[in-house]
Number of protein chains: 4
Amino acid sequence: MAKTRAGIINVTGYAGVELARLLVQHPEVELTSVTGRSAAGQKLNAFFPHLTNIGLTIENKLGDVDFVFSAMPHKDSAPEIIPLLERGIKVVDISADFRLRNPAAYPEWYQFTHPAPQLLKEAVYGLPELYSKKIAIARLIANPGCYPTSAILALAPAIKKEIIEPNIIIDSKSGISGAGRSLSLKVHFSEANEDVTAYSLEGHRHFPEITQELTLLNPKKPPAVTFVPHLIPMTRGILTTAYATLLPGKIATGKDGEKQLQEIYADFYKAAPFVKVVSFPPHTKYTWGNNDCYIYPTIDHRTGRLIVVSCIDNLVKGAAGQAVQNMNLMLGLPETTGLQALAVFP
Amino acid sequence: MAKTRAGIINVTGYAGVELARLLVQHPEVELTSVTGRSAAGQKLNAFFPHLTNIGLTIENKLGDVDFVFSAMPHKDSAPEIIPLLERGIKVVDISADFRLRNPAAYPEWYQFTHPAPQLLKEAVYGLPELYSKKIAIARLIANPGCYPTSAILALAPAIKKEIIEPNIIIDSKSGISGAGRSLSLKVHFSEANEDVTAYSLEGHRHFPEITQELTLLNPKKPPAVTFVPHLIPMTRGILTTAYATLLPGKIATGKDGEKQLQEIYADFYKAAPFVKVVSFPPHTKYTWGNNDCYIYPTIDHRTGRLIVVSCIDNLVKGAAGQAVQNMNLMLGLPETTGLQALAVFP
Amino acid sequence: MAKTRAGIINVTGYAGVELARLLVQHPEVELTSVTGRSAAGQKLNAFFPHLTNIGLTIENKLGDVDFVFSAMPHKDSAPEIIPLLERGIKVVDISADFRLRNPAAYPEWYQFTHPAPQLLKEAVYGLPELYSKKIAIARLIANPGCYPTSAILALAPAIKKEIIEPNIIIDSKSGISGAGRSLSLKVHFSEANEDVTAYSLEGHRHFPEITQELTLLNPKKPPAVTFVPHLIPMTRGILTTAYATLLPGKIATGKDGEKQLQEIYADFYKAAPFVKVVSFPPHTKYTWGNNDCYIYPTIDHRTGRLIVVSCIDNLVKGAAGQAVQNMNLMLGLPETTGLQALAVFP
Amino acid sequence: MAKTRAGIINVTGYAGVELARLLVQHPEVELTSVTGRSAAGQKLNAFFPHLTNIGLTIENKLGDVDFVFSAMPHKDSAPEIIPLLERGIKVVDISADFRLRNPAAYPEWYQFTHPAPQLLKEAVYGLPELYSKKIAIARLIANPGCYPTSAILALAPAIKKEIIEPNIIIDSKSGISGAGRSLSLKVHFSEANEDVTAYSLEGHRHFPEITQELTLLNPKKPPAVTFVPHLIPMTRGILTTAYATLLPGKIATGKDGEKQLQEIYADFYKAAPFVKVVSFPPHTKYTWGNNDCYIYPTIDHRTGRLIVVSCIDNLVKGAAGQAVQNMNLMLGLPETTGLQALAVFP
């Protein structure tokens, strides 16, 4: 059977090049076309010398493909995607352009008016652990942001099983590749190395996405979310620590409660091949280069609070790997196809 | 006037060597004696080759000194200190041995029975921003832990001014020197680099210290604290992000509230030369090698929560620098003597 | 056809766990048995939590296998291997125990008397780019050291083609995982981070190995090699910069000489799938997690010197990947089987 | 006595801000004026928030000062300096604009025609370990480059004492702050972290400077220098490893030779307060934030080669610290004034 011909719009950023890595190694897909704005005309392996064995040239416009990933920045992605959908091509959009259901959120959070609000209803939020059935039949997937992936997976079982109050604090620590390949002092080596900082305390763009999805998990009790992202001096990885008050009477006291919590989480993710519910604090290093999400739910018995720690590789489960996972579902392939690489450790 | 002759017990760890750095550069003090267990007999500058110009030999027992810093590990520090006090020598203890007022806390949190519980009442918790007057007349200072310093300074104004509910979450991110110079896989370069992890979720030893001090700030409303420390891949620095719900009616809404909050904090620390209350998220890099503590208090208007970010160098304001600040007060010197170095940036 | 059952002796170090990663993902091999000294009895995925999906238990002694990799330290490896060979099992030894042909080199460089000097003649030095035919029919492979791999591949064409004088300087820069998983201050995070140092200037153990192999390439002109290794603050990767004086009249002047040099190198490695001869300075990052070796030969026209820069991942091409490459040849498989992963970038 | 009023032209780069740090802490100098191009009008402590306590505003043009440091980029520095000299103000130029004696070197290496070739004869190369007397009476100092400082100090005794042949290889490893504060992918965190690369193999701009100075040390035997710089993933520090063949009969064999070499170096630098000749491989970490240069000369007895390892902090001894050392000499102050800070370790 012929392989699916896949294309990447804007291969030149970190999500794009990570997609290229995964697709070139995918057994059921052939990466046949890649675009890049300023780099058009160059060989892909001249632009990224580590991709030695890939013969593709970066194009201005996608060639003939069956499936498309857009790794364009927000606002620029939707206009690339709309004509593809009209031509019957399925698309996974790595940008934020189809993640928020409320069109009014775009001017507020992303400073542009959405060009196709009707598609916001149709697009499926591509978190397979929650929406695998919808994803399988979708033609347009809004691939989740990196922080939202780590936060939603950490909290979904607790919200869905109604064991916590709606007051939630999400404190995330991200490696610096999450800020992309665009140059700025913030990610200049000498400034970012040996440093940690909190940022976007007035409201990060992933906030409405997190809130939207946590609300959908239990619309009767919309959560009051505080989300603070931090940049830490490493290349890949997000560790999210989430805090919420346990509802009285839901979880046993002492070790029994911890066991019960583990069971709730393990059960919630029993069909999710990439989620590892563990009973110890995980390291982002366990996910280096792979699509896993480690989740450690535990209880602060002194205060009756739930604490959940989650770890992902922001460029894999937080971007390109999740995009391929979505594609697998959309193509009727096993969810893990092409995504079974072990973490590169240490 | 003759300089004060200072000694360091256990110079061979990171707090000890940082004390040596600060004392050698201190204009009113002469470092005349240092001890170290396994290293006794070696020249200090053979053990630490970067201390080229210091001629001291590491001894088994302190020589004749006027003032002592103990950088021994907990449990081993108290037995060194007790005879010194009896001989009338003032001591700053960098270990935890005199930080907790309740003797019963030692078996619980540190697995030993305290050898001198009466001294727990006498010892002054050496956070000069709260206790400078007591420190000035003390003979025994319990130098605060690194995490507690960052957490208590972040929260003290809010608790003292009663603007928050007692439900507090403290999420701290520490550089790896905080784990000391003892070898373990946890701080092995290849395991700690490109990694972040949460640890001690069941209860870190700095938890009772933080709780004790926050409670003392408003004993009528003891706080319910959750504290989660994280290790991040850098050498120095702690960034603490603290969260609490604002009490209704205490702080104005919108920008006015932020301004009011800034004023509360700036006023609280108006006499504290090392605390910088700022209106933007600080970087730990601003404190690299110096005794400053940057504090950024702000409001999550969506949820009515206070968020405070604080940054220190864990080995300076979080250990040796604070110890020297305490010594300055105890010797009647200006608080900033010998501590005015600017951060080494970048 | 049944897969080859492979075993790893001493899976608990970095070479061992990297072998596990590669073998688990290898299509023609099944990893069926692993040993580890202190860790025997533990599940492999308890010892290395990132290996979630591997069900093996660490054993005291290898089970029934068809092929063995030894990742024991030197001196302890040979005694494990000798009985396996007697049972007809082929072995790739990652330690140094069979790398040196002269038995007298072992007491001098490794402080032990070799237990089976006759095997030193039989063992094949497992650098497939030089010895693929011998490797294919060997039963015992001495897998090269990480520094020697980077140095020999950088210099082999120049020596073999007799374009340089025998005076050679090899300046290597290694990531810290090359020092292994054993604890020491040298690789303690806070000491190794933000630092670079040269070491073993009196003679590193890889020196006799490099010299032996470079001499074999042109025994009439044994080279006078100076080799200085350096530790730099990153986890993986070795970059070697090698210097030698070009013999007069061998290489054209100016750009023509550079082109000629490129051709000599490209031709030498035309059958080597993992060697990439490039015309720009390569980055170790191009090899992160894969088996490639980038080589950049160039000319310092001012002095008539050859400069060659090579890059590898010390744990892959410098250890476990090369071992698998050797196994592939020994099993009659295509050399690249199971080794085609792209670098994880960035 | 009134303090010398010092000014910094272009305080906004790393050399500039490091100068600010050192001058603010200097007991005999007052930093009274700083300029910066795009940042003019901002408060210095708004531009660099860690400089909290400095009240200066970044200006377009220097105010009234007695002494000036120029931290402008090359080509732009000379035009700033020339009018200052005409007004009788002494200047230390951190750029390359007065380092090369041959005006023709500027178009070749820096792509501009020198505006004041007559000043190239007058300017003194500001390496106090070689030229302290000339510096003391100069009005214009060309402050050495970071790589040249590490290389020249490593080799000067060997060249001056005529113990080596003129064939010299200099392999330098630099932290990333050496590349400055200008943005580029080369110093983008995610690209530079976990990476090492060689660069400028066709000829780095510090090459003519190194060659000029090494030649001046023994003009009868001009050296044939190969210089290859490397970028390694840390913020500060340069380690240079230099190689040369020992002349026969000059140095004893065995341990005696090593001792003799140590003596030659120690003697050469006996009046140099910042040079530490050591008998073990030094770490760049020993110089973090201070003005020291560690030098370890040793012998590769197998080949009769001299190997010298030197370590500096590229922003201190390699730039701003050396500039202050020069100023001290020019003002008749003790050479070490304001430069006695110990390394911040770890």
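Caption draft 1: Seen up close, the overall build of chain A. Within chain A, the secondary structure is distributed over 11 helices and 14 strands. For chain A, the C-alpha radius of gyration of 20 Å lies close to 20 Å, the compact-globule estimate for 346 residues. Overall size of chain A, expressed as C-alpha extent along the three principal axes, is 60 × 45 × 40 Å. For chain A, the residues scored as buried account for 59% of the 346 residues in total. Sequence-distant contacts in chain A: of pairs separated by 6 or more residues, those separated by 24 or more amount to 69%.

Caption draft 2: Spotlight on the relation of the copies chain B and chain A. Between the two copies, chain B and chain A, the superposition gives an RMSD of 0.0 Å; the rotation angle is 180 degrees and the shift along the axis is 0.0 Å. Considering both components of the superposition, the chain copies are consistent with a two-fold axis. Across chain B, the rotation axis passes nearest the C-alpha of Pro233(B), at a separation of 3.1 Å. In this assembly the copies share their binding face: 100% of the residues contributing to the interface of chain B also contribute to that of chain A.

Caption draft 3: How the structure looks around the domain arrangement of chain A. All names here are of chain A. Taken domain by domain, chain A consists of domain 1 (4–144 + 318–330) and domain 2 (147–314). Inter-centroid distance (C-alpha atoms) of domain 1 to domain 2 is 25 Å. The interface of domain 1 with domain 2 comprises 19 residues on the first partner and 22 residues on the second. Those elements that place two or more of their residues in the side of domain 1 that touches domain 2 are α4 (105–110), α6 (128–136) and α11 (316–330). With five residues, the top contributor of residues to the side of domain 1 that touches domain 2 is α11.

Caption draft 4: Representation of the sheet that holds strand β5 (residues 90–93) of chain D within the structure. All names here are of chain D. As summarised here, the arrangement of the seven strands in space is β3-β2-β1-β4-β5-β7-β6, forming an open sheet in which the pairing is parallel. Each having just a single partner strand, β3 (58–59) and β6 (124–125) make up the two edges of the open sheet. In terms of strand pairing, strand β1 (residues 4–9) meets strand β2 (residues 29–35) through five bridges, oriented parallel. Its bridge partner being in β2, Ile 8 is matched across the sheet by Val 34.

Caption draft 5: Just the nonpolar core, in detail. One finds Leu155(A), Leu155(B), Leu155(C) and Leu155(D) to be the most contacted residues of the largest nonpolar core, which totals 461 residues. Setting aside residues no more than four positions away along its own chain, Leu155(B) makes contact with Ile168(B), Leu214(B), Ala242(B) and Val308(B).

Caption draft 6: Here's a closer look at the interface of chain B and chain A. On the chain A side, the residues contacting the 36 residues of chain B number 36 residues. Every element with two or more residues in the side of chain B that touches chain A is listed here: β8 (164–174), α8 (189–192), β9 (197–198), β10 (224–231), β11 (238–246), β13 (293–300) and β14 (305–312) of chain B. The biggest single contributor to the side of chain B that touches chain A is β10(B), with four residues.

Caption draft 7: Focus on the relation of the copies chain B and chain D. Taken as rigid bodies, chain B and chain D are interconverted by a rotation of 180 degrees and an axial shift of 0.0 Å, the fit giving an RMSD of 0.0 Å. Comparing contact sets, 100% of the residues at the interface of chain B also lie at the interface in chain D, consistent with an isologous, same-surface contact.

Caption draft 8: Looking closely at the sheet that holds strand β1 (residues 4–9) of chain A. Pairing in this open sheet of seven strands is parallel, and the strands run β3-β2-β1-β4-β5-β7-β6 (chain A) from one edge to the other. Here the strands that pair on one side only, and so sit at the sheet edges, are β3 (58–59) and β6 (124–125) of chain A.

Caption draft 9: Representation of helix α11 (residues 316–330) of chain D. All names here are of chain D. For α11, which comprises 15 residues, the first-to-last C-alpha distance of 18 Å sits more than 12% below the rise-based estimate of 21 Å (1.5 Å per residue). The largest bend in α11 comes to about 45 degrees, at Gln 322. The buried fraction of α11 amounts to 15 of the 15 residues, a majority that puts the element mostly inside the structure. At the C-terminal side of α11, Gly 332 shows a positive phi close to 75 degrees.

Caption draft 10: Quick peek at the interface of chain B and chain D. Chain B puts 21 residues into the contact, and the matching count from chain D is 22 residues. Top contributing element to the side of chain B that touches chain D by residue count: helix α1 (residues 14–24) of chain B, with four residues.

Caption draft 11: Region of interest: helix α1 (residues 14–24) of chain A. Within α1(A), 11 of the 11 residues are buried, leaving the element largely enclosed by the surrounding structure. Listed in full, the buried residues belonging to α1(A) are Tyr14(A), Ala15(A), Gly16(A), Val17(A), Glu18(A), Leu19(A), Ala20(A), Arg21(A), Leu22(A), Leu23(A) and Val24(A).

Caption draft 12: Summary view of the pairing of strand β13 (residues 293–300) of chain C. Residue and element names in this part refer to chain C. In terms of burial, β13 is largely enclosed, as eight of its eight residues are buried. Both faces of β13 are covered, namely the face carrying Cys 293, Ile 295, Pro 297 and Ile 299 and the face carrying Tyr 294, Tyr 296, Thr 298 and Asp 300. Pairing of strand β12 (residues 275–277) with β13, which is carried by three bridges, proceeds in the parallel orientation. If you follow Lys 276 over to β13, its bridge partner there is Tyr 294. By the bridge criterion, eight bridges tie β13 to strand β14 (residues 305–312) in an arrangement that is antiparallel. When the bridges of β14 are listed, Ile 295 appears paired with Ser 310.

Caption draft 13: The arrangement of the environment of Thr113(A) in detail. Residue and element names in this part refer to chain A. Note on placement: Thr 113 falls in the loop between α4 and α5 (117–122). Sequence separation between Thr 113 and Gly 321 is 208 residues; the distance between their C-alpha atoms is 29 Å. Apart from the residues lying within four places of it in its own chain, the contact partners of Thr 113 are Tyr 106 and Pro 107.

Caption draft 14: Inspection of the packing of helix α6 (residues 128–136) of chain D against α11(D) at higher detail. Residues and elements named next belong to chain D. Contact pair α6 / α11: the axes reach a minimum separation of 8 Å and the direction vectors enclose 40 degrees. Between α6 and α11, the crossing angle belongs to the class labelled oblique. Seen from above, α6 lies across α11 with right-handed handedness. Where α6 approaches α11, its residues Pro 128, Ser 132, Ile 135 and Ala 136 are matched on the opposing element by Gln 325, Asn 326, Leu 329 and Met 330. Tallied by class, residues from the contact of α6 with α11 come to five nonpolar, three polar and no charged.

Caption draft 15: Geometry of unusual backbone geometry. Residues and elements named next belong to chain C. Geometrically, the link from Phe 345 to Pro 346 is a cis peptide bond, its omega value of -5 degrees lying close to zero. Structurally, the position occupied by Pro 346 is in the segment after α11 (316–330). A positive phi angle is found at Glu 162, which is not glycine, with a value near 50 degrees. By the secondary structure assignment, Glu 162 is in the loop between α7 (146–160) and β8 (164–174). The class of Glu 162 is partly exposed, set by 13 C-beta atoms lying within 10 Å.

Caption draft 16: Here's a closer look at the pairing of strand β10 (residues 224–231) of chain C. Residue and element names in this part refer to chain C. Where burial is concerned, most of β10 is hidden: seven out of the eight residues are buried. Across eight bridges, β8 lies against β10 in parallel orientation. Looking at β10, one finds that Ile 170 is bridged to Phe 227. Note: strand β9 (residues 197–198) against β10, two bridges, orientation antiparallel. For Ala 198, the partnering residue across the bridge sits in β10 and is His 230.

Caption draft 17: Representation of the environment of Thr149(C) within the structure. All names here are of chain C. By the element assignment, Thr 149 lies in helix α7. The spatial distance from the C-alpha of Thr 149 to the C-alpha of Gln 322 is 9.2 Å, given a sequence separation of 173 residues. Look past the residues within four positions of Thr 149 in its chain and what remains in contact with it is Leu 127, Pro 144, Ile 312, Lys 317, Gly 318 and Gln 322.

Caption draft 18: Highlighting the confidence of the model for chain A. Mean pLDDT over chain A stands at 97; residues scoring 70 or higher make up 100%. In the predicted complex, the global pTM is 0.98; the interface-specific ipTM is 0.97.

Caption draft 19: Main features of the environment of Asn167(A). Residue and element names in this part refer to chain A. Of note, Asn 167 is situated in strand β8 (residues 164–174). According to the C-beta neighbour criterion, Asn 167 is partly exposed, with 16 such atoms within 10 Å. Along the backbone, Asn 167 and Thr 245 are 78 residues apart, and their C-alpha atoms lie at a distance of 7.0 Å. Beyond its immediate sequence surroundings of up to four residues, Asn 167 is in contact with Ala 224, Ala 244 and Thr 245.

Caption draft 20: Structural detail: the packing of helix α7 (residues 146–160) of chain A against helix α9 (residues 206–217) of chain A. Residue and element names in this part refer to chain A. Relative to each other, α7 and α9 sit at 20 degrees, their axes nearing to 10 Å. Taken together, the axes of α7 and α9 are roughly parallel relative to one another. Seen along the crossing, α7 lies across α9 with a hand that is right-handed. Across from Tyr 147, Pro 148, Ala 151, Ile 152, Leu 155, Ala 156, Ile 159 and Lys 160 in α7, the residues of α9 making contact are His 206, Glu 209, Ile 210, Glu 213, Leu 214 and Leu 217.

Procedures and definitions
- Residues numbered from 1 in each chain as written.
- Chains lettered and ligands numbered in written order.
- Predicted model: local features only at pLDDT ≥ 70, side-chain atom pairs only at ≥ 80, totals over all residues.
- Helix = DSSP H or I, 4+ residues; strand = E, 2+ residues; numbered from the N terminus.
- Rg over C-alpha atoms; globule rule 2.2 N^0.38 Å.
- Buried ≥ 20, exposed ≤ 12 C-beta atoms within 10 Å, placed from the backbone.
- Contact = placed C-beta atoms within 7 Å.
- Least-squares fit on C-alpha atoms with pLDDT ≥ 70 in both.
- Domains from an automatic or database assignment.
- Pairing = 2+ DSSP bridges.
- Core = buried A, V, L, I, M, F, W, Y, C linked by C-beta atoms within 7 Å.
- Expected span 1.5 Å × (residues − 1).
- Bend = angle between axes of the 7 residues up to and from the residue.
- Axes fitted to C-alpha atoms, helices over the stretch in contact; angles between N-to-C directions.
- Parallel < 35°, antiparallel > 145°, perpendicular 65-115°, else oblique.
- Left-handed = near helix turned anticlockwise from the far one by under 90°.
- Nonpolar A, V, L, I, M, F, W, Y, C, P; charged D, E, K, R; others polar.
- pLDDT = per-residue confidence, 0-100.

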